[in-house]
Amino acid sequence: MARSEPLLRAEGVTKEFFGVTALSNVDFELAAGEIHALVGENGAGKSTLIKILTGAYRRDRGKITLEGEPVDPADVKDAQKLGIGTVYQEVNLLPNLTVAENLFLGREPKRFGLTSHREANRRSREILSQYGLDIDVTAVLATYSVAVRQIVAIARAVDLSGKVLILDEPTASLDAAEVTRLFAILEGLKARGLGIVFITHFFDQVYRIADRVTILRNGQKVATRPIEGLERLELVSMMLGRELKEQEAHAAEPVDYSRKPVIASFQGIGKRGRIAPFDLTMHAGEVVGVAGLLGSGRTETAELMFGIAQPDEGRISVDGSPVSFSSPREAIRHGFGFCPEDRKLDGIVEDLSVRENVILALQARRGWAKPLSRKEQEEIADRYIAALDIRTSDREKPIKFLSGGNQQKVILARWLATDPRLLILDEPTRGIDVGAHAEIIRLIGELRERGMSLLVISSELEELVAYATRVRVLADRRHTGELEAGAITPDTIMRAIAAGEDETPGDRGGQGRATEIMAEGAA
Amino acid sequence: MTSSRLFPLATTFVIFLIAYGLCIAEFPNMLSTRVVGNLLTDNAFLGIAAVGMTFVILSGGIDLSIGSVIAFTGVFLAVAMGDWGLPPVLALVIVLVLTTAFGAVMGAMIHYLAMPPFIVTLAGMFFARGMAFLLSIESVPIRVELYDTLQGLYFRMPGGGRLSFVGLSMLAVVLLGILIAHFTSFGRNVYAIGGNRQSAELMGVPIARTTILIYALSSFLAGLAGIAFSLYTSAGYSLAAVGVELDAIAAVVIGGTLLTGGSGYVAGTLLGILIMGLIQTYIVFDGTLSSWWTKIVIGLLLFSFIALQRGLVWLSARRRGAAMPA
């Protein structure tokens, strides 16, 4: 492709915050009809660059040209007028307004000086039909799924701006079928000649959709490369700035379970409408990976095992004696631990310090009548800050100021402090940067060697391959299969998931899910 | 339009019909245009102020100053027309300009100083009440021709009821409020800010301008309510209209507007006013009940509406949870 005149060009963009350089002399180029991935660890400067391009921040130095003309967007609205539209990570629309009101907010069609709902609704239907979305545009946005809201957000940005579309981690909360749908839409926009900037943490998505990739590290640009012919390992090492052994290369060795003591056994436990009955025996010193699409029943499995939800049927035994958990507290008393998926919602207590967050579960198990002394608390916190390499300036810092990866490590530390025998991790690496990612994977291996029994839910297949000694495969709220050590590769897991989705009764396979989403809103 | 969005409004409407039905069953005389006319006239000033309050609450804010602004307006008009001898029309214009500017300043403080509306309008409440006392601590009668003319204006309804000038004004303000809320960009922006301020900002809603306009509108309508109140009482008194802001908030909430902002209807506020007025009328008809029963019933209604709103939020969250499990 000859790119004589790029659509959007940034040269030497520099931005400082209170003397700290967030972005230093970065060049960036976007061609019309191109999908350009922007990758880098957390804090590499991706968001800063995006916010400068969209007018949310003012740059300190540098030049931005759009179609050869120098531009200087003063604010978000200004950038929109110039043709640069953005869809942010957390879908930034208004759930209390209707779909049509969201699409036309700030530019309502007028008739005799008053806004015309009929016109806005008609045009909204027209716009959304281009995206294959046939929904009731007069319904409030809150009634639709995240995937539909994302498409509405993209439709708004494209309709408003129409030259450059910037997507900040648009796939973070979508499942596989929804991602496929989103990508089809992006391909369509690309064919219409839009330039698309795509920020993501998922490498496979970079390879699936992007034409070129720009790598940022520590506020500087490392390189811009065409995706074709770019090795995955090279991409990772450019992001990290160091040579990295490919994690996925080695898999755990097969384990002889008969010689490992059984920690807990779950026989035929299930809950109607949430997860079909399943059997699972957890041994000491093993990592059971749980794979499946979003909504396949992974979290539900963990919730039954930890007493967050109560099974309708089945038996649980710990150390050979039958138990039943009516609440997580009882599971904790039996030596269980659970790191939930949404750490913002279920895990961290934002305003408490790192120390307080670490000792929370241990203190809860001891009961509030027997408080840990301040000295004990500090010892425990310091031990885990060192052991897990939690990066914080001191242990009294409120946890909300830590990066995502370090917050995740604090939650891990919270459970490790209770010295659990069975630890359940739900998506332990979601939304954290590559460096922290590798450390958490290493840590899971260490815990296993120390004899802990772990159940790890993950959407990242390479990750499962790296640490799991066996992998449970879920589809459509059932446990559909298990892969033994030695047979675990991303490919076999994928096939197992696909097979599970296919054999589900009725029209609810992988294809079915996509159709379901397409049809949403008709109801 | 989804049913859950309209549900609180529909509930209010049904409650009003049932309440009116019960009243008529006991006192058949209440089914007359005289009662309707009085209901509108007696609650006109509260209704006008409550329309402004609806916009404030829709945006997720609160305005505690309106009772004081109403009192200030009355006293200012009485003093300006009486002691200072200003032409009545000029006095009316000046007071509306003053109250509107007062609201705009409060809005600007809320936005630019990033202060909670509760605090800023609480300060505004003390300030306006204090200014009223500064003008006069006594009840000052208003004796001008314009007032006599306006008080004499009414529209005779079939059955002998009188739709007075102030009652009509309130209906006009409600209609205008509906128009502004649903058929202007400003109205959309109010709902947007109430839904999620940050998202609204990222979608290009002019936050500063809209916030200032919201509080200016509320104070303007409080000024208008003050005029209606002075027409109703023919006097200005600095101790008048104490706690009217709370009545207005109650009317807005009973009218089905979410206190957290982003959802509700101006028409609902009118229903809220009518329900509150109806309770009062019932007590007057009964004759034996203490008028404090009004407060008790309004309190109970408020409790049940807050519970209803919680329930709705909880239900919709649960429905969404069931539709999209992780």
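A short tour of the structure in this document, coming up. Remember, it's a predicted structure, so these values are computed and weren't measured experimentally. (Residues numbered from 1 in each chain as written. Chains lettered and ligands numbered in written order. Predicted model: local features only at pLDDT ≥ 70, side-chain atom pairs only at ≥ 80, totals over all residues. Heavy atoms only, no water.)

**Looking at the environment of A:Asp159**
Residues and elements named next belong to chain A.
Alright, step 1. Relative to the assigned elements, Asp159 resides in helix α5 (residues 146-160).
Alright, step 2. Note on Asp159: relative accessible area 36%, which makes it partly exposed.
Alright, step 3. Considering only alpha carbons, one finds Asp159 and Gly85, 74 residues apart in sequence, at a separation of 8.8 Å.
Alright, step 4. Contact partners of Asp159, with chain neighbours within four places excluded, come to Arg107 and Ile127. (Helix = DSSP H or I, 4+ residues; strand = E, 2+ residues; numbered from the N terminus. Buried < 20%, exposed > 50% of the residue type's maximum accessible area, 1.4 Å probe, protein only. Contact = heavy atoms within 4.5 Å.)

**Quick word on unusual backbone geometry**
Residues and elements named next belong to chain A.
Alright, step 1. Although it is not a glycine, Glu67 adopts a positive phi angle of roughly 50°.
Alright, step 2. Inspection of the secondary structure puts Glu67 in the loop between β4 (61-66) and β5 (69-70).
Alright, step 3. On the basis of relative accessible area, Glu67 is assigned to the partly exposed category, the value being 45%.
Alright, step 4. Notably, Glu427 is not glycine yet its phi reads approximately 50°, a positive angle.
Alright, step 5. Looking at the element boundaries, Glu427 is found in the loop between β19 (422-426) and α15 (434-449).

**Observations concerning the interface of chain B and chain A**
A common measure of how large an interface is: the accessible area buried when the components associate.
Alright, step 1. Each partner contributes residues to the interface: chain B has 25 residues there, and chain A has 33 residues.
Alright, step 2. Summing the contributions of chain B and of chain A, the shared interface buries around 2,600 Å²; its carbon and sulfur component is 59%.
Alright, step 3. Counting the contacts that link chain B with chain A gives 1 salt bridge.
Alright, step 4. Between B:Arg188 and A:Glu101 there is a salt bridge, with its nearest N and O atoms 2.7 Å apart.
Alright, step 5. In this structure, the connection of chain B to chain A is made through 9 residue pairs in polar contact (both at pLDDT 80 or more).
Alright, step 6. Counting residues per element, the side of chain B that touches chain A draws most heavily on helix α9 (residues 185-195) of chain B, which supplies 6 residues. (Buried area = accessible area lost by both parts, 1.4 Å probe. Salt bridge = Lys/Arg side-chain N within 4 Å of Asp/Glu carboxyl O. Polar contact = N/O pair within 3.5 Å; in protein donor to acceptor, adjacent residues only side chain to side chain.)

**As for the pairing of strand β22 (residues 478-484) of chain A**
All names here are of chain A.
Alright, step 1. Sheet topology places strand β21 (residues 470-475) next to β22; 6 bridges connect them, and they run antiparallel. Within the sheet, the bridge partner assigned to Val471 lies in β22 and is Leu483.
Alright, step 2. Linkage of β21 to β22, two consecutive antiparallel strands, is achieved through a turn of 2 residues, within which Asp476 is found at a positive phi near 50°. (Pairing = 2+ DSSP bridges.)

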